[in-house]
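Single-letter residue listing:
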Amino acid sequence: MKGRKSLRRFWNPLSNRPDSKKIGNSFIREEDGYTKVFYLENSSWNEKDWVDFSLYVGIFFPIVEQVRNRPIHKFPGTHFEIDTNQLTNANRKLIISPDTDIEELRSYISDLIENNVVPFFNSYSDIKDCIDLPKKYVSNKYDVRPFIGLALLEHGHIEAGKKLMEDLDQSMYIESFRKQLLDYGDFLISKHKWSTNEIS
């Protein structure tokens, strides 16, 4: 059995969904101010007939790249990321070997996508929905509170955005990047005030 080729079979539940776009081993769904990502990551120790892999859901906030003055790539990585085991409260290892029941694994992943991944995506259909992400899940990557805060500010949700930006005092970031985030937040607030005054 060729394990790597078998992985391609598992994408069928998402392949035909018009709201998701496939790029490599990932599916993305773009929203206003953020991108939701579902992707597969292979172990670096895989062999021809032994494939160990993990499935993740994540969110990318383009505004962070603006703060860093970096180009926004066509396919982003993620700032928020969790293993799908957090969605299922399970600890399932995903392995394809000569002993694997492929039909059972395909059924498991199909159910995982339909019952957990798609509902997760649907739960975060607006930037304001992202406020509770850090409270509900433990991200493998960054403290996304200030990133969500900036996205909220960018979309005019000033009070909610400012509240999340206040958490920067307890964040993991070095002082120089923290200052970049705060300065950009101040810029967005002043920009919002200016546009509000122009309208009035």
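Just above, that's the structure.
Since the model is a prediction, treat every value here as computed from it, not as a measurement.

### Here's the deal with the overall build of the chain
Broken down by element type, the chain carries nine helices and six strands. Looking at the chain as a whole, 44% of its 200 residues qualify as buried. Surface exposure of the chain reaches about 11,200 Å², of which carbon and sulfur atoms provide 48%.

### Observations regarding the pairing of strand 2 (residues 26-31)
As paired elements, strand 1 (residues 21-23) and strand 2 share three bridges and run antiparallel to each other. Pairing of lysine 22 across the sheet is with phenylalanine 27, part of strand 2. The hairpin turn running from strand 1 into strand 2, its antiparallel successor, is two residues long, and glycine 24 in that turn takes a positive phi close to 65°. Taking the residues that link successive antiparallel strands as the turn, the strand 2-strand 3 (residues 34-42) hairpin has two residues, and the phi of glycine 33 there is positive, at about 105°.

### Description of the layout of surface pockets
In this model, the largest pocket occupies a volume close to 150 Å³. As for the largest pocket, its lining consists of Asp52, Phe53, Ser54, Leu55, Asp83, Thr84, Asn85, Asn91, Arg92, Lys93, Leu94 and Tyr108. The element that contributes the greatest number of residues to the lining of the largest pocket is strand 4 (residues 51-60), accounting for four residues. Class assignment for the residues of the lining of the largest pocket results in four nonpolar, four polar and four charged.

### Remarks on the packing of aromatic side chains
The full count for this structure, using the stated rule, is ten aromatic pairs. Ring geometry for phenylalanine 80 and tyrosine 137: centres 6.3 Å apart, planes at 65°, overall edge-to-face. Residue phenylalanine 80 is found in strand 5 (residues 80-83), and its partner tyrosine 137 is found in the loop between helix 6 (133-136) and helix 7 (145-154); the two are separated by 57 residues along the sequence. When its relative accessible area of 1% is taken as the criterion, phenylalanine 80 is described as buried. Aromatic side chains phenylalanine 147 and phenylalanine 177 sit 6.5 Å apart centroid to centroid with 70° between the ring planes, which places their arrangement in the edge-to-face category. Here phenylalanine 147 is found in helix 7, whereas its partner phenylalanine 177 is found in helix 9 (residues 175-199), with 30 residues between them in sequence.

### Notes on the side chain of aspartate 83
Position of aspartate 83 relative to the elements: it lies in strand 5. No salt bridge is formed by the buried aspartate 83, whose closest oppositely charged neighbour, lysine 93, lies at an N-O distance of 8.8 Å. For aspartate 83, the residues in contact, after removing those within four places along its chain, are Ser54, Leu55, Tyr56 and Asn140.

### Topic: the environment of leucine 152
Relative to the assigned elements, leucine 152 resides in helix 7. A sequence separation of twelve residues divides leucine 152 from leucine 164, and the C-alpha atoms of the two residues are 9.1 Å apart.

What counts and what doesn't
- Residues numbered from 1 in each chain as written.
- Predicted model: local features only at pLDDT ≥ 70, side-chain atom pairs only at ≥ 80, totals over all residues.
- Heavy atoms only, no water.
- Helix = DSSP H or I, 4+ residues; strand = E, 2+ residues; numbered from the N terminus.
- Buried < 20%, exposed > 50% of the residue type's maximum accessible area, 1.4 Å probe, protein only.
- Areas by Shrake-Rupley, 256 points an atom, 1.4 Å probe, with all protein chains shown as cover.
- Pairing = 2+ DSSP bridges.
- 1 Å grid on protein atoms, 1.4 Å probe; cavity = no way out; pocket = protein on both sides within 12 Å on 5 of 7 lines; lining within 4 Å.
- Points joined across faces, edges and corners; volume = space filled by probe spheres on them.
- Nonpolar A, V, L, I, M, F, W, Y, C, P; charged D, E, K, R; others polar.
- Phe/Tyr/Trp six-rings, centres within 6.5 Å; stacked < 30°, edge-to-face > 60°.
- Lys, Arg positive; Asp, Glu negative; His and termini not counted.
- Salt bridge = Lys/Arg side-chain N within 4 Å of Asp/Glu carboxyl O.
- Contact = heavy atoms within 4.5 Å.

By themselves, these observations are geometric and do not establish any function.
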